[in-house]
Amino acid sequence: MLERINKAYKQIAKAQSVLGRKINIMEVCGTHTVSVFRSGLRDAFPDGLKLLSGPGCPVCITDQGYIDAVLSLADRDDCVIATYGDMIRVPGGKGSLEQRTKRGNIKIILSAEDVLKLAQENPDKKIVFVAVGFETTAPATAVIVNEARQQNIKNIFVFSNHKMVVPAMTALLSDKNNKIDAFLCPGHVSVIIGSDAYKPVVENFKKPCVVAGFEPMQIIDAICEICRQLAENSPAVASVYPAAVTPKGNSTAQKIIADTFDAANGCWRGLGNICGSTLKLKEKFSDFDAEKQLGEIFVHEETPVGCKCGLVLCGLIDPPDCGLFAQSCTPDSPVGPCMVSSEGACAAWYKYARRKRRKQ
Amino acid sequence: MTVSDKILLAHGGGGRLTEELIQKIILPAFDNQTLNKLTDSAEISVGKDNIFFTTDSYVVKPLFFSGGDIGKLAVCGTINDLAVSGAKPIALSLSLIIEEGLEIDTLRKIIASVAKTAKKENVSIVCGDTKVVEAGCADKIFINTAGIGFKLPKANIGFDRICAWNKIIITGTIGDHGMTIMSQREGMKFDSEMKSDCGSVANICEKVIEVFGDDIKFMRDPTRGGLAATLNEIAGQTGFGIEINEEHIPVNPTVRAAADMLGFDILDIANEGKVVIIVSEKNAEDCLQICREFENGKDAAIIGKVIKSDDGLVELITMIKGKRVVQMPYGRELPRIC
């Protein structure tokens, strides 16, 4: 273990001397963010390396308008909201789902299959599935829709806000103010989309893209590989997670995504509208589409005044640079989504790196 | 700042919101020195003797889980609150709030478990109460137990006895109870390999006090909020810092995998049969050996130490030798678990 850490240290120093400045690597996955903090990697790495937490947590990049649309549905007596746990605390303009749990129609689910079960147990209710997440959770949503059709279940309504990773990476690099030297690419998403999916990023922007799993040692190996590429000026797609990630990815999952969804433009918190970044149900599944069937449309809303989640998500500032951080925005009363999700950059920073003790 | 003008589930989670509720609403109303100490049990004088008194309510779901059930939990949880305070548990009360419609057979099983556990632990159930509420007003059954115990003659335990360089022992693997309940509730497939640690720690507590007397500075069972909450409370109450070493903290690999999969920090996860012992540096190794002589202490480990520090933080030295802060958990990491 120590040997691999030392090797990474040497590569970081080498890359730094070639570039003549600090190196900024963006991790595009909330699970990487948490692993980096939880394992103490952030503390163990030398000053010359900076890890930026990118838009890789589904909760964090969810537009406030989407949350408000879900809240409106939660207030309806005919709807039951099925959601992944992290979403319930995200504040919209009208409170959060957590504040409505008393109504009894907010159900936290662990897997998408639970939605089918809910629908069968509550035949007189409309089950609204808060479908968020990247290419990892989209196939499960697709399975629900297809299963519902096959089993003739008519009370499931998918409110899809699934996002795709590569369009976001492209959008970040297209901003001329970006500080990103390379991407640490998400393990689970890459299992689905395949490492070849990052080729356009490497070709168009000359930035290394290295896939890693979530073990600290894999992250160290990936950073080592990124620094080697930077030092040798040979950006490429690579994976230190070869057992699980193939160049072409999981074709079955890709097919069900392609058969169920269309890529549409969509709003990301902090990044704005990104072309072809959001998965919406195809026309043939419109009877399961919450936006089309329940009359609740998701319209972009501005974030609360002072909240700098957008800049954090682009890697332009660290959470403590936001005036609200640990002041009016804490995990107990989050203002922005990066403080809500346990995989958000602000929450991870607050939980694992904040030195000042909270006043008792 | 308060989160909400309504009670949230997180207010019952044993983390920051629970602390806020107690500090702002409950303590000011009663304001007495015994309660203000916020110890696991209250020490009160009765004639010439000092007795310890405690109470706890149990709302765990599911009622029966791998390694225990609500009845066993209700006995052991209250015994543990007495034991970690340096008391020998003698008698418990048992109050039942039952939802209309509960199968009598289920109740019978729970009561049998209460009786079996109490007998094993040598405590008597000496009084009780039964209430039945309408269907929908409770979830099957809630149990409250209160308990009293005699002070062990050599016990001298309190936050104020903790000093820098004291060592921290945990008596076994962490997170077993919380992750078992969680996986069983959610029907996750690794539940067969996990087992709640639900059990009494009175045997270990009594023995270490008997052997080391006032070198045992403090004990607490890290239930809701896990090791993170217990250590943060110690840091908060004493002003000392705490440094723990990840590679020394015992964790069952399946439990760790389940926690990782669900995104939980294992340090935040509840235990129901473990105790954190703060012991003087010179007796730490011997105390560890004594803990390990017990079946429920066989995986005990010295996991860290109390340190002098300006900011009074709990810090973890990670496997890769990085350092990070361990905060008080928020309080809603898990559904109802105890």
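Please refer to the structure placed before this passage.
These numbers come from a predicted model, not from an experiment.

A. Region of interest: the packing of helix α6 (residues 202-212) of chain B against helix α9 (residues 284-292) of chain B. Residues and elements named next belong to chain B. The contact between α6 and α9 brings their axes to 10 Å, and the two run at 145 degrees. As for the relative orientation of α6 and α9, their crossing is right-handed in sense. In this structure, α6 contributes Ile204, Lys207, Val208, Val211 and Phe212 to the contact, and α9 contributes Asp286, Cys287, Ile290 and Cys291. Looking at side-chain class alone, the contact of α6 with α9 contains seven nonpolar, no polar and two charged residues.

B. Main features of the pairing of strand β12 (residues 301-307) of chain B. Residues and elements named next belong to chain B. Buried residues dominate β12, accounting for five of its seven residues. In this structure, strand β8 (residues 167-170) lies alongside β12, joined through four bridges in antiparallel fashion. Among the inter-strand pairings, isoleucine 169 is bridged to a residue of β12, identified as isoleucine 302. In the sheet, strand β10 (residues 241-245) pairs with β12 via four bridges, with the strands oriented antiparallel. From the neighbouring strand, isoleucine 242 faces β12, where its bridge partner is valine 306.

C. Spatial organisation of the sheet that holds strand β8 (residues 182-186) of chain A. Residues and elements named next belong to chain A. Overall, parallel pairing links the five strands, which are arranged β2-β1-β8-β9-β10 in an open sheet. A strand with exactly one partner marks an edge of an open sheet, and here the two such strands are β2 (49-53) and β10 (237-239). For this sheet the average axis-to-axis angle between neighbouring strands, irrespective of direction, equals 25 degrees. Alignment of strand β1 (residues 23-27) against β2, held across five bridges, turns out to be parallel. Looking at the pairing, isoleucine 23 lines up with leucine 49 of β2.

D. The pattern of salt bridges, seen in detail. Summed over the entire model, instances satisfying the criterion amount to 34 salt bridges over all chains. Between Asp318(A) and Lys50(A) there is a salt bridge, with its nearest N and O atoms 3.1 Å apart. Of this pair, Asp318(A) sits in the loop between α13 (309-313) and α14 (337-340) while Lys50(A) sits in strand β2; the two residues are 268 residues apart in sequence, bridging distant segments of the chain. Lys50(A) sits in the partly exposed class, given a relative accessible area of 24%. Here Lys274(B) and Asp176(B) are joined by a salt bridge, their closest N and O atoms 3.9 Å apart. With a gap of 98 residues between them, Lys274(B) in the loop between α8 (253-262) and β11 (276-279) and Asp176(B) in helix α5 (residues 176-185) connect regions that are remote in the sequence. In terms of burial, Lys274(B) and Asp176(B) fall into one category: buried. Three or more residues are tied together by salt bridges with common partners; here these are Glu243(B), Lys305(B), Glu315(B) and Lys323(B).

E. Local environment of the sheet that holds strand β6 (residues 124-133) of chain B. Residues and elements named next belong to chain B. With mixed pairing, five strands are arranged side by side in an open sheet as β1-β2-β7-β5-β6. Sheet topology places β1 (42-46) and β6 at the edges, where each strand pairs with a single neighbour. Mean inter-strand twist for the sheet, computed between neighbouring axes without regard to direction, equals 20 degrees. Note that strand β2 (residues 49-58) and strand β7 (residues 141-151) share eight bridges and pair antiparallel. Looking at the pairing, threonine 55 lines up with alanine 146 of β7. Contacting β2, β5 (87-99) and β7, helix α3 (residues 70-83) crosses the sheet at an angle of about 145 degrees to β2.

F. Representation of the nonpolar core within the structure. Core analysis: the largest hydrophobic core is formed by 103 residues, its most contacted members being Ile81(A), Phe129(A), Ile156(A), Phe159(A), Met169(A), Phe183(A) and Tyr198(A). For Tyr198(A), the contacting residues outside a window of four places in its chain are Val166(A), Met169(A), Cys185(A), Pro186(A), Val189(A), Ser190(A), Ile193(A), Cys209(A), Val211(A) and Val237(A). Membership of the second largest hydrophobic core comes to 47 residues, among which are Ile98(B), Ala118(B), Cys205(B) and Val208(B).

G. Up close: the interface of chain B and chain A. Contact residues are listed per partner, giving 32 residues for chain B and 30 residues for chain A. At the boundary of chain B with chain A, total buried surface from both sides reaches about 2800 Å², with 48% on carbon and sulfur atoms. Along the contact surface separating chain B from chain A lie one salt bridge. For Asp268(B), the salt bridge is made with Lys351(A), and the minimal N-O distance between the two is 2.8 Å. Taken together, chain B and chain A are joined by seven residue pairs in polar contact (both at pLDDT 80 or more). For the side of chain B that touches chain A, the secondary-structure elements that each account for two or more residues are α1 (16-30), α7 (226-238), α8 and β14 (323-326) of chain B. Top contributing element to the side of chain B that touches chain A by residue count: α1(B), with four residues. Each residue belonging to the side of chain B that touches chain A can be placed in one class, and the counts come to 13 nonpolar, seven polar and twelve charged.

H. The arrangement of the packing of α3(B) against helix α4 (residues 104-120) of chain B in detail. Residues and elements named next belong to chain B. Put simply, α3 and α4 touch, their axes get as near as 7 Å, and they point 35 degrees apart. By crossing handedness, the relation of α3 to α4 is classed as right-handed. Two secondary-structure elements touch here, α3 through Ile70, Gly71, Lys72, Val75 and Cys76 and α4 through Ile110, Ser113, Val114, Thr117 and Ala118. Looking at side-chain class alone, the contact of α3 with α4 contains six nonpolar, three polar and one charged residues.

Reading the values: the criteria
- Residues numbered from 1 in each chain as written.
- Chains lettered and ligands numbered in written order.
- Predicted model: local features only at pLDDT ≥ 70, side-chain atom pairs only at ≥ 80, totals over all residues.
- Heavy atoms only, no water.
- Axes fitted to C-alpha atoms, helices over the stretch in contact; angles between N-to-C directions.
- Helix = DSSP H or I, 4+ residues; strand = E, 2+ residues; numbered from the N terminus.
- Left-handed = near helix turned anticlockwise from the far one by under 90°.
- Contact = heavy atoms within 4.5 Å.
- Nonpolar A, V, L, I, M, F, W, Y, C, P; charged D, E, K, R; others polar.
- Buried < 20%, exposed > 50% of the residue type's maximum accessible area, 1.4 Å probe, protein only.
- Pairing = 2+ DSSP bridges.
- Salt bridge = Lys/Arg side-chain N within 4 Å of Asp/Glu carboxyl O.
- Core = buried A, V, L, I, M, F, W, Y, C linked by side-chain atoms within 4.5 Å.
- Buried area = accessible area lost by both parts, 1.4 Å probe.
- Polar contact = N/O pair within 3.5 Å; in protein donor to acceptor, adjacent residues only side chain to side chain.

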